[in-house]
Amino acid sequence: MKKLLITGFAPFGGGDINPSWQAVQALPDRVGDCVLCKMEIPTVFADAAARVIAKADEISADMVLSVGMAAGRDAVTPERIAVNIRDARIPDNAGNHPRGEFVAVDGPAAYFATVPVEKMAQAIRDKNIRATVSNSAGAYVCNDVMYSLLHRFAGTGVKAGFIHVPQLPQQGTPSMELETITAALVAAIEACE
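Just so it is clear, the model here is predicted, and its values are computed rather than measured.

Caption draft 1: Expanded view of a negative patch on the surface. A grouping of Asp33, Asp62, Glu190 and Glu193 is seen on the molecular surface, where their side chains present a negatively charged patch. With respect to the helices, strands and loops of the structure, Glu193 is situated in the segment after α5 (178–191). Assessed through its relative accessible area of 39%, Glu193 is described here as partly exposed.

Caption draft 2: Spatial organisation of the sheet that holds strand β2 (residues 30–31). The strand order β2-β3-β1-β4-β10-β5 describes an open sheet built from 6 strands, whose pairing is mixed. Strands at the two margins of the open sheet, each flanked by one partner only, are β2 and β5 (77–78). Sheet analysis places β5 next to strand β10 (residues 159–165), joined by 2 bridges and oriented antiparallel. In the strand pairing of β10, Thr77 is matched with His164.

Caption draft 3: Structural view of the nonpolar core. Counting 66 residues, the largest nonpolar core has Ile6, Val64 and Ile189 as its most contacted members. Among the elements that line this core, the one with the most residues is helix α4 (residues 141–153), at 8 residues. In this structure, Ile189 is in contact with Leu4, Ile6, Leu27, Val31, Cys34, Leu36 and Leu65, ignoring residues within four places of it in sequence.

Caption draft 4: Just unusual backbone geometry, in detail. In this structure, Pro174 follows Thr173 across a cis peptide bond, with omega equal to -10 degrees. Looking at the secondary structure, you find Pro174 in the loop between β10 and α5. You will see that Ala46, though not glycine, has its phi angle at about 70 degrees, which is positive. Take Ala46: it is sitting in the loop between β3 (34–41) and α2 (47–59). With a relative accessible area of 37%, Ala46 lands in the partly exposed category. The phi dihedral of Ser60 is positive, around 55 degrees, even though this residue is not glycine. Within the element layout of this structure, Ser60 appears in the loop between α2 and β4 (63–69).

The rules behind the values
Residues numbered from 1 in each chain as written. Predicted model: local features only at pLDDT ≥ 70, side-chain atom pairs only at ≥ 80, totals over all residues. Heavy atoms only, no water. Patch = residues over 30% accessible without salt bridge, like charges linked within 9 Å, V, L, I, M, F, W, Y side chains within 5 Å. Areas by Shrake-Rupley, 256 points an atom, 1.4 Å probe, with all protein chains shown as cover. Salt bridge = Lys/Arg side-chain N within 4 Å of Asp/Glu carboxyl O. Lys, Arg positive; Asp, Glu negative; His and termini not counted. Charge placed at Lys NZ, Arg CZ, Asp CG, Glu CD. Helix = DSSP H or I, 4+ residues; strand = E, 2+ residues; numbered from the N terminus. Buried < 20%, exposed > 50% of the residue type's maximum accessible area, 1.4 Å probe, protein only. Pairing = 2+ DSSP bridges. Core = buried A, V, L, I, M, F, W, Y, C linked by side-chain atoms within 4.5 Å. Contact = heavy atoms within 4.5 Å.

Right, here's the structure in full:
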């Protein structure tokens, strides 16, 4: 059995829900060959990534997937690339508002996800759920977590990736139902085996 650490974010930007954590919570405890360890993380630069890395080390995770919400997207989007930049349009939940800072001063400009993003997107589409590979995880806390994970686990056997999901119908449009988002995450995890 493989150990998968999968995370979702706390609400941010004045919202009271975050579909990333709601969908992660709704996942079964086991998907295929993976035993899931689920974790909610704060929408806070550096802190979120540090918590995920600490938990991944604690449980000796074989794979780490973080999930975040991307308002404005109408599809589930596995992220291909994380960039070495923090550039926040709005403050995070701790009031941090970095503009043009590096995630890791000693790190490369970017990392590619080490999970099979094309295969994940296709597996989601095979369930008749909208999905596409994204080439930009942005420059907010989602990208910060993805980059930090890839930086920490570069050259190790631990796979890491990030998936953005749409907002829920009650949050506005475009949107996707929670059950659909959860089913998409299951398909994505199955594709990683």
